[in-house]
Amino acid sequence: MISDETLMLEFQRGSRPAFEELFARYKEPLSGFFRRRLASTEVAEDLTQETFMAVIRASERYQPKALFRTYLYSIALNLLTAERRKLARNAPLANGTVENAADSVFWVREALQKLEPSDREILMLREYEQLSYLEIGELLHIPINTVRSRLFRSRMALKGHLEPAREGVQCT
Amino acid sequence: MHLETHPFDQEELMAFLDGELAVDRAAAVVSHLDGCQDCQKLAADFRGVSRQLAGWQVEQSGPALANSISAALDTHPGQSRGKLGFLLRRQTWAWAGGLCAAVLIGTVVIAPRLDKQHKLAQSVAFLKAENDGAFQIRDSNASTILETLRSPMIVRTVQLTIAVKDFAKTRSTVDEILKRHKGYIGQSNVSSPVDSGPVLEATLRVPSDQFEAAMAELKALGRVDSESQSGDEVTQQYVDVAARLANARNSEQRLTDLLRERTGKLVDVLAVEKEIERVRGEIERMEAERKNLAKSVDFATLNVKLFEEYRAGFQTPRSKSFRLRNAAIEGYRMTVESVTGAAAFLLAYGPSVLFWSAILFFPVRFIWRRLRHHLLNSL
């Protein structure tokens, strides 16, 4: 399989199929990134589109210094931060379909909401975007050991938050 | 969990489950996990949290996203320029300007070398085409190889047979010649056959730039009985090995980067490490091959045979007393040999002869008597 970085360089040289391949690879992960972090699916869709547009616009300046995935999520994270700043400091997690969601998903969202914002971001980047500790450290500009300790803290906290929910579900 | 009872902390266990632990450490965690219930429970907890989080699935993006990106690509300058679009890029003009300047400088400063460089470039290009698909010579590697190949690489070998008058003196002169030209003896053998003078057969290695001078001095040692020279060009072979070596090093670098930057399951990490090990083995083998080639070019081989011209000598006749003494000694030796042989025969066969004689004596005597009696009666 051709690497993301090679595809991006090919796109830089004018290959449209190369970017279409990249888009196919990251369309859903990036859409999920925004949908899990924003209440509005429309805004999430817009930001997904805006992220890819930013990649297209900056393609001539692209240099494969880091992984393309890190590059893509750094753009996405910047757009998300700007959006949150527009909305509010601590925007709630996506809740547009909470009513229709299964119980387990509801409790997961609730439990995530209880975490510290920075810890929550690290946990979500790891669990949903499947980024490595190194990539998360590069994205958030923190040392890799800090990533590991915060990830551990957030997982233990989340386990504590999910236990009562699981017991409640079992009782009912 | 305490380090006194567990060889690692909880964070390391989590990192192991995430595929973020070093291979040696991960192997230790695996062996510990097999027998530790506490760690197994903690691992199960981590997995349970991940499983619950994975339950939160979001809807897939709509077709509008793909359409908008497709439209954006249509209007993207890089796409709309068409085949001649590169002419509009500033980078293209910058590169073109730099290239023109380089050509100008090259023409003025290194014009005398152009022809040689061109031939070498052709050689590399030929090899590139020949090995198309198997490897790619990076620009930097190609220039390094070109730098090495300022002239054709030729392995020179000479067979030289020289008849000398004074063998001992000539041998020391050979050593002096080698010392003077910074050469060395690869192998040597001296023999003194009967009815012939002493012979030296040696393999001499002389630096290629000293080869002609050393040859001239060796030929002056005596009468040249035979001489043959051969030269094998190994330029293409050397470029091939060097290019494959550079490619293998690039592969090693990419695999090392992959191991450092990517994370995954333990089996994937081990697979990458195994591949790195294989590539490193290849690199070592090719490096040895490249060095051998370079060495065989740097040093010419002279297979030299030096022999002293044969002079027949006068043989002094042996004295009669000496011959008689030798005959007496030979007679005594033969007597002792025959007595010893007879004694050995008796000792070897005597007991069995006696044994069978004792057994057969009475039956044979009985038969003999009966026969004799019968014959007498018939008369």
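**Observations concerning the overall build of chain A**
Part 1 of the reasoning: Counting its secondary structure elements, chain A contains eight helices and zero strands.
Part 2 of the reasoning: Reading chain A from its N end, one meets helices and strands in the order α-α-α-α-α-α-α-α.
Part 3 of the reasoning: When the 172 residues of chain A are sorted by exposure, 48% land in the buried category.
Part 4 of the reasoning: Put simply, 60% of the contacts in chain A that link residues at least 6 apart link residues at least 24 apart.

**With respect to the pattern of salt bridges**
A pair can form between side chains of opposite charge whenever their charged atoms are brought close.
Residues and elements named next belong to chain A.
Part 1 of the reasoning: Across all of its chains, the model carries 32 salt bridges over all chains by this definition.
Part 2 of the reasoning: A salt bridge links arginine 69 to glutamate 135; the nearest nitrogen and oxygen atoms lie 2.6 Å apart. Separated by 66 residues along the polypeptide, arginine 69 in helix H4 (residues 68-87) and glutamate 135 in helix H7 (residues 133-140) bring together distant segments of the chain. Of the two residues examined, arginine 69 and glutamate 135, each falls in the buried class.
Part 3 of the reasoning: Among the ionic pairs, arginine 84 bridges to glutamate 121, the shortest N-O distance being 3.7 Å. One end of the pair, arginine 84, is in helix H4; the other, glutamate 121, is in helix H6 (residues 117-127), and 37 residues separate them in sequence.

**A short note on the interface of chain B and chain A**
Part 1 of the reasoning: Tallying the contact residues gives 41 residues for chain B and 48 residues for chain A.
Part 2 of the reasoning: Interface area for chain B against chain A, summed over the two sides, is near 4100 Å², with a carbon-plus-sulfur share of 59%.
Part 3 of the reasoning: Linking chain B with chain A are seven salt bridges.
Part 4 of the reasoning: The partner of A:Arg16 in a salt bridge is B:Asp74, with the nearest N and O atoms 2.2 Å apart.
Part 5 of the reasoning: Summed over the shared surface of chain B and chain A, the number is twelve residue pairs in polar contact (both at pLDDT 80 or more).
Part 6 of the reasoning: Breaking the side of chain B that touches chain A down by element, the ones donating at least two residues are helix H1 (10-17), helix H3 (37-54), helix H4 (63-75), helix H5 (77-80) and helix H11 (235-261) of chain B.
Part 7 of the reasoning: When its residues are assigned to classes, the side of chain B that touches chain A shows 14 nonpolar, 15 polar and twelve charged.

**Examining the nonpolar core**
Part 1 of the reasoning: In this structure, A:Phe19, A:Phe34, A:Leu112, A:Leu158 and B:Leu13 are the most contacted members of the largest nonpolar core, which totals 67 residues.
Part 2 of the reasoning: Among the elements that make up this core, the one with the highest residue count is helix H2 (residues 16-37) of chain A (eight residues).
Part 3 of the reasoning: If you look at the next biggest cluster of nonpolar residues, it comprises 21 residues, including B:Ile162, B:Leu178, B:Leu204 and B:Ala300.

**Regarding the sheet that holds strand S3 (residues 199-207) of chain B**
Residues and elements named next belong to chain B.
Part 1 of the reasoning: Here five strands make up an open sheet; going across it, the order is S2-S3-S5-S1-S4 and the pairing mixed. Looking at strand neighbours, the two that pair on one side only are strand S2 (184-191) and strand S4 (223-233), the edges of this open sheet. Neighbour-to-neighbour, the strand axes of the sheet open up by a mean angle of 10°, direction not taken into account.
Part 2 of the reasoning: In this structure, strand S1 (residues 154-164) lies alongside S4, joined through ten bridges in antiparallel fashion.

About the criteria used
- Residues numbered from 1 in each chain as written.
- Chains lettered and ligands numbered in written order.
- Predicted model: local features only at pLDDT ≥ 70, side-chain atom pairs only at ≥ 80, totals over all residues.
- Heavy atoms only, no water.
- Helix = DSSP H or I, 4+ residues; strand = E, 2+ residues; numbered from the N terminus.
- Buried < 20%, exposed > 50% of the residue type's maximum accessible area, 1.4 Å probe, protein only.
- Contact = heavy atoms within 4.5 Å.
- Salt bridge = Lys/Arg side-chain N within 4 Å of Asp/Glu carboxyl O.
- Buried area = accessible area lost by both parts, 1.4 Å probe.
- Polar contact = N/O pair within 3.5 Å; in protein donor to acceptor, adjacent residues only side chain to side chain.
- Nonpolar A, V, L, I, M, F, W, Y, C, P; charged D, E, K, R; others polar.
- Core = buried A, V, L, I, M, F, W, Y, C linked by side-chain atoms within 4.5 Å.
- Pairing = 2+ DSSP bridges.
- Axes fitted to C-alpha atoms, helices over the stretch in contact; angles between N-to-C directions.

Purely geometric stuff here, so don't read any function into it on its own.
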